[in-house]
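Chain residues, written in single-letter form:
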Amino acid sequence: MRKITEIIVHCSDTVEGTHWTVDDLRKWHKDRGWLDIGYHYVVYLDGSIHRGRSEEVVGAHCVGHNAHSIGVCYIGGKEAGTFRAKDTRTPAQKEALLRLLIDLVCRYPDAEIYGHRDFANRKCPCFDARKEYMQL
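This structure is a prediction, so every number in the text was calculated from the model and none was measured.

Considerations on the pairing of strand 5 (residues 69-74)
Judged by how many residues are buried, strand 5 sits mostly within the fold: 6 of 6 residues are covered. Of the two faces of strand 5, the one lined by S69, G71 and C73 and the one lined by I70, V72 and Y74 are each fully buried. Here strand 1 (residues 6-11) runs beside strand 5; their pairing, made up of 6 bridges, is parallel. In the sheet register, V9 faces strand 5, and the bridge partner there is V72.

Details of helix 2 (residues 91-107)
Over its 17 residues, helix 2 runs 25 Å from end to end, which matches the ideal 24 Å to within 8%, given 1.5 Å per residue. By the burial criterion, the buried members of helix 2 are Q93, A96, L97, L100, L101, L104 and V105. Each buried residue of helix 2 sits inside an arc of 165° when the element is viewed along its axis, so together they form one side. Pointing more than 90 degrees away from the buried face of helix 2 are the exposed residues P91, E95 and C106.

Some thoughts on the sheet that holds strand 1
Strand pairing in a sheet is mediated by backbone hydrogen bonds. Such pairs are either parallel or antiparallel. What the 5 strands build is an open sheet, ordered 4-3-5-1-7; its pairing is mixed. Since the sheet does not close on itself, it has two edges, and those belong to strand 4 (49-51) and strand 7 (112-115), each with one partner. With strand direction ignored, the average angle separating the axes of adjacent strands in the sheet is 25°.

Things to note about the environment of G38
Inspection of the secondary structure puts G38 in the loop between helix 1 (22-31) and strand 3 (41-43). For the pair G38 and H61, spaced 23 residues apart in sequence, the C-alpha to C-alpha distance is 5.1 Å.

The rules behind these values
- Residues numbered from 1 in each chain as written.
- Predicted model: local features only at pLDDT ≥ 70, side-chain atom pairs only at ≥ 80, totals over all residues.
- Heavy atoms only, no water.
- Buried < 20%, exposed > 50% of the residue type's maximum accessible area, 1.4 Å probe, protein only.
- Helix = DSSP H or I, 4+ residues; strand = E, 2+ residues; numbered from the N terminus.
- Pairing = 2+ DSSP bridges.
- Expected span 1.5 Å × (residues − 1).
- Arc of directions from axis to C-beta.
- Axes fitted to C-alpha atoms, helices over the stretch in contact; angles between N-to-C directions.

Honestly, it's all geometry; don't read function into it.
Now the structure itself:
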């Protein structure tokens, strides 16, 4: 198994309230020339958690950090009508993200939680994941 030192939270950069699936993201990523979906987990609007890549496989979600990280993505991140960055997490997504991150931190105790925006000039996710999950 890979040595995991970072858990990186992303948003899918899709309009709030729009349902996207792992298969949709996989197609989107493969159309861009990637081998598979870049994330290890995707959290749907209803709070259900779905696997993307296997944890044993290096992700494709954060340049320079993929080899030692787990990528977690929630569906959303864009405001309807304006397409501006917005924290669009549903209550179910917030709860599911917290549960998933607690599980990952328990399994990878050397890992710290970051947002993609901590490593790239992006508003992804559309909230400060480092601050929100610092207690984990």
